Amino acid sequence: MSLNERKKAILALSDGTVVHGKAVGHKGITGGELCFNTSMTGYQEIFTDPSYYGQLMMMTYPHIGNYGTQPRDDEARKVMVAGIICRAFSHEYSNTMADRSLQEYLEDNEITGISGVDTRKLVRHVREKGVMNAVISSTEMDEDKLVQMAKDWDDMEGLELATKVTRSEAQTVNGEDEFRVAAFDYGIKQNIINNLNKRGCTLRIFPAKTSVDEIKEWEADGYFFSNGPGDPTATAEYALEAVNYAKETGKPMFGICLGHQLMALSEGLKTTKMFVGHRGANQPVKNLETGLVEISTQNHGFAVDEDSLDEKIAEVTHINLNDNTIEGLKFKNFPGFSVQYHPEASPGPHDSAYLFDQFIDMMKEQK
């Protein structure tokens, strides 16, 4: 298909900015919070990350789709982003392991996108103005209508979205059964499950809303709280019951991303909406315990508020070297730690995989 044959599309931002391009994926209208990811590879893993549910994903790397898609790269059972924005979309792909093009993949998942966008310019705009809502359309071409739609779209702040992406019932995923881990699915990524399985953990993965009685029956050796979308304070309204129960058991606890925020909220700390957020596979994080710098994968628009930190409650173990935001906590009133970033790193890098070993070591010591 030549560029001239492709349908037109419009990206309209809530501040009135309008960008024209070519339609990709499913034809239609979609909207959400506009964010960007700086990863050079791993578009399929990014598009299927449940933490991106309801967001429009703009890829800063110019070539997207050139290696197609394959089932083993999915981080969830379906595409989670609300829409995609890129500069150069490849309808052709070169990869012997791929089973279909990204265009076919997006059509099958009914995901609307736009290509031919000056993403470099648009990222600068978002960095200056902050994240905002936007709409992508390949059917409605009235700019004023689309801008108004973007203005009317629900803001991410205050939204509870974990129940939109969690599983419907508890599931056991077997490892070597050396450790029994209760994992809470607020949007858990497949590679988190893989990392715990290969370290000898059998997981009982619970839906976001699960009764304490059901959790007790599993008799876990440790508790894991997953990543997920939405405002952590909204999720906390029901999720803190499970977090507080896990604390009462005295067993080791580990949280990633939203799980990190929930553990902090359970101790009276606060979270805040970030101006832009961290999304990419090149974020520098300093481990304050070792002095080493890790290059990390991140995906979050909320963070633990540094001003709410109490040294009697938690110690900061990791900081982001770009803006000094909190990236890791070790809690003092219970045996638990958490990180804001993604040590399972799918896509990579894998500098932070040792955190899973740290969780395993805590369970070994207690056993």
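Each remark here, short or long, concerns the structure printed above.
Nothing here was measured: the structure is a model prediction, and the numbers come from that model.

S.K.: I keep staring at the packing of helix α8 (residues 232-249) against helix α9 (residues 258-266) and nothing clicks. Help me out?
M.R.: When two helices pack together, their arrangement is given by the angle between the helix axes and by the axis-to-axis distance. α9 packs onto α8 with a crossing angle of 75° between their chain directions and a minimal axis gap of 8 Å. If you check the angle between α8 and α9, you find them roughly perpendicular. Contacts between α8 and α9 involve Pro 232, Thr 233, Thr 235, Ala 236, Ala 239, Leu 240, Val 243, Asn 244 and Lys 247 on the former and, on the latter, Leu 258, Gln 261, Leu 262, Met 263, Leu 265 and Ser 266. The residue inventory of the contact of α8 with α9, partitioned by class, reads nine nonpolar, five polar and one charged.

S.K.: Please explain the sheet that holds strand β1 (residues 8-13) as it appears in this structure.
M.R.: Backbone hydrogen bonds hold the strands of a sheet together, and the pairing may be parallel or antiparallel. If you walk around this closed barrel you meet the seven strands as β1-β2-β8-β6-β4-β3-β9, and the pairing is mixed. Across the sheet, the mean angle separating the axes of adjacent strands is 35° when strand polarity is ignored. Bridging between strand β2 (residues 18-25) and strand β8 (residues 112-115) involves four bridges; their strand directions are antiparallel. Across the sheet, residue Val 24 finds its bridge partner in β8, namely Gly 113. Here helix α4 (residues 143-152) sits on the sheet and contacts β1, β2, β3 (29-37) and β9 (132-137); the angle it forms with β1, its principal contact strand, is near 45°.

S.K.: Can you walk me through helix α6 (residues 190-197) in this structure?
M.R.: Because the α-helix completes a turn every 3.6 residues, residues three or four places apart line up on one side. With six of its eight residues buried, α6 lies for the most part within the structure. Turning to α6, its buried residues are Asn 191, Ile 192, Ile 193, Asn 195, Leu 196 and Asn 197. Where α6 is buried, its residues touch β10 (171-173), β12 (201-207), β13 (222-225), β14 (253-256) and α10 (354-366).

S.K.: Help me understand the pairing of strand β16 (residues 293-304) in this model?
M.R.: Looking along a regular strand, one sees side chains alternate from face to face of the sheet. Burial of β16 is extensive: 10 of the 12 residues sit out of reach of the surface. Pairing of strand β15 (residues 271-287) with β16, which is carried by 10 bridges, proceeds in the antiparallel orientation. Paired with Arg 279 across the bridge in β16 is Asn 299. Hairpin connection between β15 and β16: a loop of five residues separates the two successive antiparallel strands, and Gly 291 in this loop has a positive phi of roughly 85°.

What counts and what doesn't
Residues numbered from 1 in each chain as written. Predicted model: local features only at pLDDT ≥ 70, side-chain atom pairs only at ≥ 80, totals over all residues. Heavy atoms only, no water. Axes fitted to C-alpha atoms, helices over the stretch in contact; angles between N-to-C directions. Helix = DSSP H or I, 4+ residues; strand = E, 2+ residues; numbered from the N terminus. Parallel < 35°, antiparallel > 145°, perpendicular 65-115°, else oblique. Contact = heavy atoms within 4.5 Å. Nonpolar A, V, L, I, M, F, W, Y, C, P; charged D, E, K, R; others polar. Pairing = 2+ DSSP bridges. Buried < 20%, exposed > 50% of the residue type's maximum accessible area, 1.4 Å probe, protein only.

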